[in-house]
Amino acid sequence: MNFNLEENVPLKNLTTFHLGGPARYFVVAENLEDLKSSVSWAKEKEVPVFVLGGGSNLVVSDIGFPGLVIQVKIAGLEILHEDEEQVLLKVGAGVRWDEVVDHAVACGWWGIENMSLIYGTLGGIIVQNAGAYGTEIASVVNHVEIYDREVGEAKEFFADDCHFGYRSSLFQNNERYLIIAAVLELKKNGTPNIKYPDVIKYFAEKNITVPSLSDIRTAIVSIRQNKLPDPEVLGSAGSFFKNLLLTPEEYQNLKEKITANFNAETVAQLEGIKNKFPVVGAIKIPTAWILDVCGLKGERVGAAVVYEKQPIILTNQDNAATADDIMNLVKKIRQTVFAKTGVKLEMEPELVGFGQKEIDGYFRL
Ligand SMILES: Cc1cc2nc3c(=O)[nH]c(=O)nc-3n(C[C@H](O)[C@H](O)[C@H](O)COP(=O)(O)OP(=O)(O)OC[C@H]3O[C@@H](n4cnc5c(N)ncnc54)[C@H](O)[C@@H]3O)c2cc1C
């Protein structure tokens, strides 16, 4: 078979967390043919497959992945259609996401500027329905081109069939579909979506009342650079826990727990943040706030540390943490938060190469 198979390739060098063991087998796929041959090799050898994008949302176990890791590097940025109102832009699954945003903003196309400086590739962005500052990829997807492993052919899924939800999609934890490309619908005459407090504050300080598209990208990049660790300097997978999207009843339960276990000032803070982050159909409470009031900033297990500036991020200090350190820190955090607030935190990154028994142990409350 014509593809360049490698063995025992360290995955820590291919992930932003910079930890975990090797891929038993490893191959790079630059096009659909590479995907097909890799998948059929794995089928013939009866080994499991893991599809790797930019490695920015993963925790790889210390023993690594026992099967074939296919790193998707499918390139391409192509205009499929353009009129006065919009552009249909086809993006290869392996294209670095921030390159897509940079290109769109330079061309004057609206829709993804709030998602500036998110790490990873187009493929990973679609799978995780990544988003930031009130925008998620689902809002601009026209359709996704996939390779269906089960029937061995390429297909298209329109946005409605992708089952996008909060940081989730049909493609998540779903070995059947490999993303080849996606077609995005970007607007020529968009309007700024700047409802988040950090963004409002940035423009107020700069006295900008009607920001341009490139002002928005500059603002988001600047805010993120101040708040988030640069993976080249400090390993992380970005936000480690999902934010809380609560029903009114769930919010009431949280408020009761906060009232019982914290002081009146903390209860007032909770009431204050309740309406600060606009989400349709839910009350959004930032998990960073929960972690902060539970006193978890700077908490650590070995070299796995809760980031002081933004506690929703777990970091790998000096590249010395193991995946086991990270997951034991997760256990400590979840148990503390559950005891004090009744909230069961959910993880955002995906676990790779862990056994179910191990996972159950880390997630015991
Ligand atoms: C500092 C930092 C900040 C971040 N900020 C944000 C943020 O603001 N918002 C946000 O949503 N996320 C954020 N993230 C998380 C991450 O960047 C996103 O989840 C991103 O979408 C992951 O893309 P990736 O290519 O790195 O995917 P990977 O981590 O490589 O993989 C993630 C999942 O996608 C699957 N996958 C990847 N490519 C394909 C493909 N071609 N076909 C099928 N499956 C595929 C993998 O199998 C895996 O299940 C941040 C991460 C870091 C390190």
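Residues numbered from 1 in each chain as written. Predicted model: local features only at pLDDT ≥ 70, side-chain atom pairs only at ≥ 80, totals over all residues. Heavy atoms only, no water.

### Digging into the domain arrangement of the protein
- According to the domain assignment, the protein contains domain 1 (6–72), domain 2 (77–190) and domain 3 (235–362).
- A separation of 22 Å is found between the C-alpha centroids of domain 1 and domain 2.
- Tallying the contact residues gives 11 residues for domain 1 and 12 residues for domain 2.
- Buried surface at the junction of domain 1 and domain 2, summed over both partners, amounts to about 1,000 Å²; 70% is from carbon and sulfur atoms.
- At the junction of domain 1 and domain 2, the tally comes to zero salt bridges.
- Our count for the domain 1 to domain 2 interface comes out at zero residue pairs in polar contact (both at pLDDT 80 or more).
- Among the elements of the structure, helix H1 (32–45) and strand E3 (49–52) are those that each provide at least two residues to the side of domain 1 that touches domain 2. (Domains from an automatic or database assignment. Contact = heavy atoms within 4.5 Å. Buried area = accessible area lost by both parts, 1.4 Å probe. Salt bridge = Lys/Arg side-chain N within 4 Å of Asp/Glu carboxyl O. Polar contact = N/O pair within 3.5 Å; in protein donor to acceptor, adjacent residues only side chain to side chain. Helix = DSSP H or I, 4+ residues; strand = E, 2+ residues; numbered from the N terminus.)

### Quick word on the packing of helix H6 (residues 248–261) against helix H7 (residues 264–273)
- Packing of H6 against H7 brings their axes to within 9 Å, and their N-to-C directions diverge by 160°. For the element pair H6 / H7, the angle class is roughly antiparallel. Crossing angle aside, the handedness with which H6 passes H7 is right-handed. Contact residues: H6 offers Tyr251, Leu254, Lys255, Ile258 and Thr259, while H7 offers Thr266, Val267, Leu270 and Glu271.
- Residue composition of the contact of H6 with H7, grouped by class: five nonpolar, two polar and two charged. (Axes fitted to C-alpha atoms, helices over the stretch in contact; angles between N-to-C directions. Parallel < 35°, antiparallel > 145°, perpendicular 65-115°, else oblique. Left-handed = near helix turned anticlockwise from the far one by under 90°. Nonpolar A, V, L, I, M, F, W, Y, C, P; charged D, E, K, R; others polar.)

### Here we look at the site of the ligand
- Close contacts around the ligand come from 35 residues, with Val51, Ser56, Thr121, Gly131 and Glu350 the closest.
- Contacts to the ligand include Gly53, whose backbone N or O atom sits 2.8 Å from an oxygen atom.
- When the free accessible area of the ligand is taken as 970 Å², the share hidden by the protein chains comes to 96%.
- For the shell around the ligand, the secondary-structure elements that each account for two or more residues are E3, helix H3 (122–127), strand E8 (131–132), strand E12 (177–187) and strand E13 (235–239).
- The dominant element in the shell around the ligand, judged by the number of residues it contributes, is H3, at four residues. (Near = heavy atom within 4 Å. Areas by Shrake-Rupley, 256 points an atom, 1.4 Å probe, with all protein chains shown as cover.)

### With respect to the packing of aromatic side chains
- Enumeration over the complete set of coordinates arrives at 10 aromatic pairs.
- Considering the side-chain rings of Phe157 and Phe171, the 5.9 Å spacing of their centres and the 70° angle between planes classify their relative orientation as edge-to-face. Of this pair, Phe157 sits in strand E11 (residues 153–158) while Phe171 sits in the loop between E11 and E12, placing them 14 residues apart in sequence.
- With relative accessibility at 13%, the residue Phe157 sits in the buried group.
- On the basis of relative accessible area, Phe171 is assigned to the buried category, the value being 3%.
- Each member of the aromatic cluster is reached from another via a ring pair, and the members are Phe17, Phe240 and Phe241. (Phe/Tyr/Trp six-rings, centres within 6.5 Å; stacked < 30°, edge-to-face > 60°. Buried < 20%, exposed > 50% of the residue type's maximum accessible area, 1.4 Å probe, protein only.)

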